[in-house]
Amino acid sequence: MPAPLAPDFRPRYHQLHRVGRPGVWRSLVGAVLLLLTVFGLVPLVAGLVAFALLLATGSTSDEAAAVLDVTAEATPAGLALLNVVIAAAIPATFAVTWWLHRLKPRWVSSVAPRIRWRYLFVCVGLSVVALVASLLVALLLPVAPGEAPIGEVNDFTARTRDFLIVILLLTPLQAAGEEYLFRGYLTQAFGSLVWARRASQALAVLGPALIFALFHGLSQDWPVFFDRFAFGVVAGILVIRTGGLEAPIAMHVLNNFLAFGLALAFGDLTTALNATGGSSWWMILSTLTQSLVYLALASWVARAMGLVEVGPPVGGALPPPSPPDHPELVGQPPRV
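Residues numbered from 1 in each chain as written. Predicted model: local features only at pLDDT ≥ 70, side-chain atom pairs only at ≥ 80, totals over all residues. Heavy atoms only, no water.

A.B. asks: Can you help me understand the overall build of the chain in this one?
C.D. replies: The number of helices and strands found in the chain is twelve helices and zero strands. Reading the chain from its N end, one meets helices and strands in the order α-α-α-α-α-α-α-α-α-α-α-α. For the chain, the residues scored as buried account for 46% of the 336 residues in total. For the chain, the proportion of contacts with a sequence separation of at least 24, taken over those separated by at least 6, is 78%. (Helix = DSSP H or I, 4+ residues; strand = E, 2+ residues; numbered from the N terminus. Buried < 20%, exposed > 50% of the residue type's maximum accessible area, 1.4 Å probe, protein only. Contact = heavy atoms within 4.5 Å.)

Here you go:
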């Protein structure tokens, strides 16, 4: 059993479970419970509700099943259901954090403890800069014989409009849901398993990144798997460096907007949603450029803004809180 925490112990983001209710088993149980809830229970319940609603509107059972099955053919309703299911990871993470650890849910967002909106919006701009850098590298990469970089523009139809509405309204919630689950709770869970500083950080980054990549499908080819794993590693490093989920959320939202936007404009959304192969190892150079440029920019801006990356001490008096307009700036976050 670990020794009691020192009164001046100030946890970093991945160590926050240590200041909750004691017991490493809580983090392990919580991780399994969340994954089963988000990828098992929620899809089952939400799918049954959506299926019943479609039947109530006059659809046959076969038609309703086809509408909701995005693996066969993507539909606006099916994409909306998928996004809502993954977005449910946010309240699920909040519930498990409170129930098992008796930590207020806002400690999953950051060590502030809240979403630091100013930094989040800045990160959206930084993610665009990193994306441009990756596109410039992509232009220099070789293209397979007979493969065109971009196809013909698809026709804009009512179905395209419906897809755009779903993507604009729900994709940010879907991306945030994945970050709250993988870079939020799982980072804190893996980080609480060992006390050695470097081992704790390595587990907190690599464990969630591996699970994140695996949960995108076991039939992925190696370039696709490595790309998703590398994204998870960079996102995990950013969480620890900046003390919150803002930077990974911004990058994840932009990546999904880009992937879905390109699929609507030039390709096929069904293929984009079920991408498991067809990528070249050369494209890893482009995506790594994006991730590493973003990692450098987001880390530098976080330091320049004076974001706190550690929580308050476990015991002892605290200095006055930061100004209410910018609580993410230098200073201790309020104790709860």
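A.B. asks: I keep staring at the side chain of glutamate 179 and nothing clicks. Help me out?
C.D. replies: Within the fold, glutamate 179 resides in helix α7 (residues 158–191). The class for glutamate 179 is buried, based on a relative accessible area of 0%. Setting aside chain neighbours within four positions, we find glutamate 179 in contact with Gly184, Phe231, Ala235, Leu245, Pro248, Ile249 and His252.

A.B. asks: Can you walk me through the confidence of the model for the chain in this structure?
C.D. replies: Caution applies to low-pLDDT parts of the model: their predicted coordinates are not meant to be read in detail. Averaged over every residue, the pLDDT of the chain is 86; the share at 70 or more is 87%. Mean pLDDT across the elements of the chain ranges from a minimum in helix α11 (residues 269–273), with 82, to a maximum in helix α4 (residues 89–101), with 97. Scored below 50 in pLDDT, residues 316–336 makes 44 contacts in the model with residues more than four places away or belonging to other chains. (pLDDT = per-residue confidence, 0-100.)

A.B. asks: Please clarify how the side chain of arginine 18 should be interpreted in this entry.
C.D. replies: Among the structural elements, arginine 18 can be located in the segment before α1 (24–56). A polar side-chain atom of arginine 18 sits 3.0 Å from the main-chain carbonyl oxygen of glycine 191. In terms of polar contacts, arginine 18 uses its side chain to reach the side chain of serine 200, at 3.4 Å. (Polar contact = N/O pair within 3.5 Å; in protein donor to acceptor, adjacent residues only side chain to side chain.)

A.B. asks: Even after reading the chapter, I still don't get helix α9 (residues 222–242), so can you show me in this structure?
C.D. replies: Residue pairs spaced three or four apart in an α-helix point in one direction, given the helix's 3.6 residues per turn. Between its first and last C-alpha atoms α9 spans 30 Å; for 21 residues at 1.5 Å apiece the expected length is 30 Å, and the two agree. Of all 21 residues in α9, 15 are buried; the element is thus mostly enclosed. The N-cap of α9, judged by a side-chain oxygen 3.1 Å from the amide nitrogen of valine 224 a few residues on, is aspartate 221. Directly beyond the C-terminal end of α9, a positive phi value near 80 degrees is found at glycine 243. (Expected span 1.5 Å × (residues − 1).)

A.B. asks: Is there a simple way to explain the packing of aromatic side chains in this structure?
C.D. replies: Here a ring pair, both rings aromatic, is described through the centre-centre distance and the interplanar angle of the planes. Applying the stated criterion across every chain, the model contains nine aromatic pairs. Judged by centre distance (4.7 Å) and plane angle (40 degrees), the ring pair of phenylalanine 39 and phenylalanine 215 falls under tilted. Residue phenylalanine 39 is located in helix α1, and its partner phenylalanine 215 is located in the loop between α8 (197–214) and α9; the two are separated by 176 residues in the primary sequence. In this structure phenylalanine 39 comes out as partly exposed when scored by relative accessible area, which is 35%. Between the aromatic rings of phenylalanine 182 and phenylalanine 212, the centroid separation amounts to 5.3 Å while the plane-to-plane angle is 75 degrees, which identifies the pairing as edge-to-face. Taken together, the positions of phenylalanine 182 in helix α7 and phenylalanine 212 in helix α8 put the pair 30 residues apart, joining distant regions of the chain. Above the ring of tryptophan 195, the side-chain terminus of arginine 18 is found at 4.2 Å from the ring centroid. (Phe/Tyr/Trp six-rings, centres within 6.5 Å; stacked < 30°, edge-to-face > 60°. Lys NZ or Arg CZ within 6 Å of the ring centre and 35° of its normal.)

A.B. asks: Help me understand the nonpolar core in this model?
C.D. replies: Soluble globular proteins tend to bury their nonpolar side chains together. Ranked by size, the top nonpolar core spans 50 residues in total, and within it Tyr119, Tyr185, Leu186, Ile249 and Tyr294 carry the most contacts. Sort the elements by how many residues they give to this core and α7 lands first, with nine residues. (Core = buried A, V, L, I, M, F, W, Y, C linked by side-chain atoms within 4.5 Å.)

A.B. asks: Sorry if this is basic, but what is going on with a nonpolar patch on the surface here?
C.D. replies: On the surface, Leu41, Leu44, Val45, Leu48, Val49 and Leu53 cluster together to form a nonpolar patch covering roughly 590 Å² of accessible area. For leucine 48, a relative accessible area of 55% puts it in the exposed group. (Patch = residues over 30% accessible without salt bridge, like charges linked within 9 Å, V, L, I, M, F, W, Y side chains within 5 Å. Areas by Shrake-Rupley, 256 points an atom, 1.4 Å probe, with all protein chains shown as cover. Salt bridge = Lys/Arg side-chain N within 4 Å of Asp/Glu carboxyl O.)

A.B. asks: I tried to follow the pattern of salt bridges on my own but got confused; where do I start?
C.D. replies: Pairs can form between side chains of opposite charge once their charged atoms are near each other. Under the definition given, this model contains five salt bridges. Note that arginine 12 is salt-bridged to glutamate 309, the shortest N-O span being 3.3 Å. Of this pair, arginine 12 sits in the segment before α1 while glutamate 309 sits in the segment after α12 (282–305); the two residues are 297 residues apart in sequence, bridging distant segments of the chain. Close ionic contact of arginine 116 with glutamate 246 constitutes a salt bridge, the shortest N to O distance being 2.8 Å. With arginine 116 in the loop between α5 (106–109) and α6 (117–140) and glutamate 246 in helix α10 (residues 246–266), this residue pair connects regions lying 130 residues apart in the sequence. The class of glutamate 246 is buried, set by a relative accessible area of 0%.

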